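Understanding the architecture of this molecule
For reference, the chains in residue letters:
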Amino acid sequence: MLSAAAIRAVCRRATTTAAAAVASSTSTSVPALFPVTSSSYHWKKQTTVSSSFVFRAPRSTRYYGTTGWLAMPVKTVDVPTMGDSITEGTIVDIPVAPGDYVHEDDVVVVLETDKVSVDVRASEGGRIVEILGEVEDVVEVGSALYRLDTDADKPAGGNPPSSTKEETPIPTPPPEPAAAPSKVPTPPPADAAPAPPAPEKKATPTPPPMPAMEYVTTNLGPRPERRSKMSRMRQRVASRLKESQNTAAMLTTFQEVDMGNFMEMRHRHKDEFQKKHGVKLGFMSVFVKACTAALQEVPAINAYIDDETKEIVYRDYCDISVAVASPNGLVVPVLRNTEFMSFADVERTIALFGQKAKDGTLALDDMAGGTFTISNGGVFGSLMGTPIINQPQSAILGMHATKMRAVVDEKGNVVARPMMYLALTYDHRLIDGREGVTFLKSVADKITDPARLVFDI
């Protein structure tokens, strides 16, 4: 509600306006304004002054008499737009109160969002009629925030205090200099102060070189672009990888492995191996067999989460998926029951899948299922990476390039050894860090000493 002083001021202003209108109109009566009890602050007019001054009130408004209403100019200000993605804000501060006069650009309400803090300022001067909210209230963009009487008289005492405050500091400095003349010796240090500005002037010559950069032009030449439609396989791969990121709580752990012993053994027996089995002995067979043995030691790596039933499914067989690059994209054929396969069986099956991938004859059954995946980015020279789990599996092993690096052997000597980084990405929802690290360390130990695979240790 308005204060009594504000009501009297409005009455005086309305009476003056009406009287001036009467002087220039054909009517002879002067309006008498009387306040009516209403939250909208309307005023009753008993006699008609002129048709141009009659403001009709809505039917729901209470009034006395039959003539009409003269409404006070009250403007409702809404919550402003604060950003494309922001739909609401919280009132954190209200510097003014109803009845206070605010000037243009004064802060009326302070809103806070999850991105910015916004000061809602008055678009014009006026007296605050009502603030439609309290501190910590949540208001939506576009809703009414406060009401402002733009026709209220500006307080006469508002400006003088500010001017007097500005004048008061001015007289104070003169007395201080008046007392200072007796202490004339103090200015010498002030004379020494002008010395520092000299280096600042010396520093100013540095900006001139900057404009020279504006005249430097570079001929970029042609910059063509081309577009190609995504194949259905590429679309499916992209969908599966993104689904995996959105579903699993992926965590990657790393381990380095010494490839020297296996490379030496492979070098000694590769010719006999190829002569007997008709296929080359590569790295994949030893990694498949090492992972198979480690999966049997740590069953959680070979399990998966059934989201529909909220159960963990443990599989007692090992179907290892092997990532193979094809002309149309990445394919992941599956080696079935690797626990019963020999080194030769693994190498022969991988070679068959590789040929099918090149010819484009891989069937859906060749890629369906799988309990664990091995990705060999080392064939492309990758030093280290974090592979993405192939859903609904729970883990994937990433192989990388073998590089000669300096390591310390068992005798304390620094020697050059062929080393490879291994990366295991696993679903932390199911697999704990202890199980993930134990599995990866077991694989590394079996590769470092292939005799462990022979003796099943």
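What you see is a predicted model, and the numbers here were worked out from it, not measured in a lab. (Residues numbered from 1 in each chain as written. Predicted model: local features only at pLDDT ≥ 70, side-chain atom pairs only at ≥ 80, totals over all residues. Heavy atoms only, no water.)

1. Focus: the pattern of salt bridges
Scanning all chains against the criterion turns up 13 salt bridges. Across the pair Arg417 and Asp258 runs a salt bridge whose closest N-O atoms are separated by 3.0 Å. Taken as a pair, Arg417 in strand β22 (residues 414-427) and Asp258 in strand β12 (residues 250-258) lie far apart in primary sequence, 159 residues in all. In this structure Arg417 comes out as partly exposed when scored by relative accessible area, which is 25%. (Salt bridge = Lys/Arg side-chain N within 4 Å of Asp/Glu carboxyl O. Helix = DSSP H or I, 4+ residues; strand = E, 2+ residues; numbered from the N terminus. Buried < 20%, exposed > 50% of the residue type's maximum accessible area, 1.4 Å probe, protein only.)

2. Thoughts on the environment of Lys270
Inspection of the secondary structure puts Lys270 in helix α8 (residues 260-277). In this structure Lys270 comes out as partly exposed when scored by relative accessible area, which is 32%. The sequence separation of Lys270 and Lys280 amounts to ten residues, and the corresponding C-alpha distance is 6.9 Å.

3. A look at the sheet that holds strand β6 (residues 101-102)
Sheet strands pair by backbone hydrogen bonding; their relative direction is either parallel or antiparallel. Taken in spatial order, the four strands of this open sheet run β4-β11-β9-β6, and their pairing is antiparallel. The two strands at the open ends of the sheet, each matched to only one other strand, are β4 (74-78) and β6. In this sheet, strand β11 (residues 144-149) lies alongside β4 in antiparallel orientation, the contact comprising five bridges. Directly across from Val77, in β11, lies its bridge partner Tyr146. (Pairing = 2+ DSSP bridges.)

4. Considerations on the packing of aromatic side chains
According to the stated counting rule, one finds two aromatic pairs in the structure shown. A cation over a ring is seen here: Arg405 above Tyr421, with NZ or CZ 4.1 Å from the ring centre. (Phe/Tyr/Trp six-rings, centres within 6.5 Å; stacked < 30°, edge-to-face > 60°. Lys NZ or Arg CZ within 6 Å of the ring centre and 35° of its normal.)

5. Here's the deal with the nonpolar core
Within the largest apolar cluster, 42 residues are counted, with the highest numbers of intra-cluster contacts made by Phe287, Phe372, Leu422, Phe439 and Val443. Among the elements of the structure, α9 (283-297), β15 (320-322), α10 (343-359), β19 (372-376), β20 (395-399), β22 and α12 (433-448) are those that each provide at least two residues to this core. Counting residues per element, this core draws most heavily on α9, at eight residues. Excluding anything up to four places from it in sequence, Phe439 contacts Cys291, Ala294, Leu295, Val298, Ile301, Phe372 and Leu424. Membership of the second largest hydrophobic core comes to 19 residues, among which are Val79, Leu111, Val139 and Leu148. (Core = buried A, V, L, I, M, F, W, Y, C linked by side-chain atoms within 4.5 Å. Contact = heavy atoms within 4.5 Å.)

6. Digging into the environment of Met263
When you line up the elements, Met263 lands in helix α8. Since its relative accessible area comes to 31%, Met263 is described here as partly exposed. Here the alpha-carbon distance between Met263 and Gly282, two residues 19 residues apart in the chain, equals 9.5 Å. Those residues within four positions of Met263 in sequence are excluded, and the remaining contacts are Phe283, Thr402 and Pro418.

7. Structural notes on the sheet that holds strand β7 (residues 107-112)
Spatially, β8-β7-β5-β10 is the arrangement adopted by the four strands of the open sheet, whose pairing is antiparallel. Looking along the sheet, the strands with just one partner apiece sit at the ends: β8 (117-121) and β10 (138-140). The sheet shows a mean angle of 40° between the axes of neighbouring strands, taken without regard to direction. One ladder, built from three bridges, connects strand β5 (residues 88-93) with β7; its direction is antiparallel. Paired with Asp93 across the bridge in β7 is Val110. (Axes fitted to C-alpha atoms, helices over the stretch in contact; angles between N-to-C directions.)

8. Looking at the packing of α9 against α10
It is the contact of α9 with α10, at a shortest axis distance of 9 Å, that shows an interaxial angle of 120°. On the basis of their axis angle, the class for α9 and α10 is oblique. The way α9 lies across α10 gives a crossing that is right-handed. Touching Phe283, Met284, Ser285, Val286, Val288 and Lys289 of α9 are Phe343, Val346, Glu347 and Ile350, all from α10. Looking at side-chain class alone, the contact of α9 with α10 contains seven nonpolar, one polar and two charged residues. (Parallel < 35°, antiparallel > 145°, perpendicular 65-115°, else oblique. Left-handed = near helix turned anticlockwise from the far one by under 90°. Nonpolar A, V, L, I, M, F, W, Y, C, P; charged D, E, K, R; others polar.)

9. Observations concerning a nonpolar patch on the surface
Judged by side-chain polarity, Phe254, Leu383 and Met384 come together as a nonpolar surface patch covering roughly 270 Å² of accessible area. Assignment of secondary structure puts Phe254 in strand β12. (Patch = residues over 30% accessible without salt bridge, like charges linked within 9 Å, V, L, I, M, F, W, Y side chains within 5 Å. Areas by Shrake-Rupley, 256 points an atom, 1.4 Å probe, with all protein chains shown as cover.)

10. Describing the pairing of β19
Within β19, four of the five residues are buried, which leaves it mostly tucked inside the rest of the structure. Of the pairings in the sheet, the one linking β15 to β19 comprises three bridges and is parallel in character. Paired with Ser321 across the strands is Thr373, a residue of β19.

11. Details of the side chain of Glu347
Within the secondary structure, Glu347 is located in helix α10. Among buried charged residues, Glu347 stands out as having no salt bridge; its nearest opposite-charge side chain is Arg266, 6.9 Å away. Look past the residues within four positions of Glu347 in its chain and what remains in contact with it is Val279, Lys280, Leu281, Gly282, Phe283, Met284 and Ser285. (Lys, Arg positive; Asp, Glu negative; His and termini not counted.)

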